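Summary of structural features
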Amino acid sequence: MDALNSTVLQISDVIWNGLLLWLLVGTGVFYSIRTRFVQVRRFGASMKRAFGDLNLHGEKAGSEGMSSFQALATAIAAQVGTGNIAGCATALVSGGPGAIFWMWIAAFFGMATIFGEAVLAQRTKTRDASGSVIGGPVYYIEKAFKGGFGKFLATFFAVAIILALGFMGNMVQSNSISAAFNSALDVPTWIVGVIVAAIAAFIFVGGIGRIASFTEKAVPLMAGLYILGCVVVLALNWQALPGAFGSIFVCAFDPQAAGGAVAGITVRQAIRYGVARGLFSNEAGMGSTPHSHAIAKVDRPQDQGEVAMVGVFIDTFVVLTLTALVILSSGVLDSMIASGVTGVAVAQGAFDNTFGSFGNIFIAVCLFFFAFSTIIGWYFFGEQNIRWLFGNKMVKIYAAIVTVLIFVGSLLKVELVWNLADLFNGLMVFPNLLALLALSGIVTKIAHDRDAKP
């Protein structure tokens, strides 16, 4: 296990420390410029479109797709997961407080990228053999690159996302849930794994209708609960907030200014872990959330493109930022790094510092909602690609495999699970970004059309 983990880590570091980070951020910058910073121009309109007619009991999803809010909720379910708690804590431990600044930068430009993904997914959606609406990057990849090359890239993406999210990614989520409950309540990890797998299987067999119904109700509940808890902690630690904010900006360019246990961290590490964990969290440019945005029932592609930007904003600028401020204002980061603690335990330590022993339980409950909703979202994304590769006949087999891996993931060593997720997340990005760049002209035209037709 240790030898496998070492090999995976080396390969993942080559991918993430090399071209990939620059490609992801570069694509966001490119789309921001070409769309005249659509994430700024249309931000107010996107919030109004997403929440103006909020209804937690929306129309029933089915063969015609989901409502726009259900699609956003499914996307946020996937985006707001362990990356917002465990991933944020890991970034702070490995990249220092400055990593949060680079998370913000990646998310800002990522909002333009995800606008393009959602627009293209809407433009290329189709129907499967049963007549149900279906869509995702495989369809716009084939539009961008005709013939055998396009088919190869689409197939590569489909296989990579099934492995990255449907299989390995969901192992990450179940691993985080089991670790949190084991730490908070001393529940054996295998028991947590069985419970999570059983509930997930129940939702899987209900199809798109049950998935949409779950996400539209669970996402607002889980986000509200966690935000409330963070606000209480920050209110109690208000005197430490200016220093926490300051350390994020100062350490983005001078990590050594933090001193203490983070000594030795470089700017490169702050950028690497900030951008990598930020992208793992908000998924902009990775080609995952377009699967839900593709089947949203909207009048124009740009309508869902604007809604999609809200998902990245909530994930990074709200939930992830609150996590970071709780950890930094609690003053536990140095002691956690010195003791070799990482992941969920860092966040639990920060909440324990304020809430006492209840902090462990609070994080365990929040992490269950975050990670479990991500399991449902990532299952759905993988399922869309299973349908493209093999047709509807393989969906039940895919659901069974994911259910088993959810249980297995609860037992695995956390470093290996995270590194596998990083590796496969990196691999799936390349064909998606190539298609986004090739089809940028379509997105640019649609983004500018919005100005003529408000």
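Cut-off values and rules
- Residues numbered from 1 in each chain as written.
- Predicted model: local features only at pLDDT ≥ 70, side-chain atom pairs only at ≥ 80, totals over all residues.
- Heavy atoms only, no water.
- Core = buried A, V, L, I, M, F, W, Y, C linked by side-chain atoms within 4.5 Å.
- Buried < 20%, exposed > 50% of the residue type's maximum accessible area, 1.4 Å probe, protein only.
- Helix = DSSP H or I, 4+ residues; strand = E, 2+ residues; numbered from the N terminus.
- Contact = heavy atoms within 4.5 Å.
- Phe/Tyr/Trp six-rings, centres within 6.5 Å; stacked < 30°, edge-to-face > 60°.
- Lys NZ or Arg CZ within 6 Å of the ring centre and 35° of its normal.
- Salt bridge = Lys/Arg side-chain N within 4 Å of Asp/Glu carboxyl O.

1. Notes on the nonpolar core
Counting 152 residues, the largest nonpolar core has Ile100, Phe204, Tyr226 and Met428 as its most contacted members. For this core, the element with the highest residue contribution is helix 8 (residues 147-185), accounting for 17 residues. Once residues within four sequence positions are removed from consideration, tyrosine 226 is found in contact with Ile85, Val319, Thr323, Phe351, Phe362, Ile363, Cys366 and Phe370.

2. Brief notes about the packing of aromatic side chains
Applying the stated criterion across every chain, the model contains 28 aromatic pairs. Geometrically, the ring pair formed by phenylalanine 108 and phenylalanine 109 is edge-to-face, given 5.2 Å between the ring centres and 75° between the ring planes. Consider the rings of phenylalanine 355 and phenylalanine 362, whose centres lie 6.0 Å apart with planes at 85°: the pair is edge-to-face. Judged by its relative accessible area of 8%, phenylalanine 362 falls in the buried class. Grouping aromatic residues by their ring pairs yields a cluster made of Tyr226, Phe351, Phe355, Phe358, Phe362 and Phe370. Across from the ring centre of phenylalanine 202, 4.2 Å away, lies the NZ or CZ of arginine 210, which sits over that ring.

3. Comments concerning the pattern of salt bridges
For the structure on display, the rule yields six salt bridges. The salt bridge involving arginine 42 is made with glutamate 306; its shortest N-O contact spans 2.8 Å. In this pair, arginine 42 sits in the loop between helix 2 (38-41) and helix 3 (43-51) while glutamate 306 sits in helix 14 (residues 301-330), placing the two residues 264 residues apart along the sequence. Residue classification places glutamate 306 among the buried residues on the basis of a relative accessible area of 1%. Among the salt bridges present, the one from arginine 387 reaches glutamate 383, with a minimum N-O distance of 3.0 Å. You can see arginine 387 and its partner glutamate 383 sitting in helix 17 (residues 358-390), four residues apart, about one turn around the helix. Classification of glutamate 383 as buried rests on a relative accessible area of 5%.

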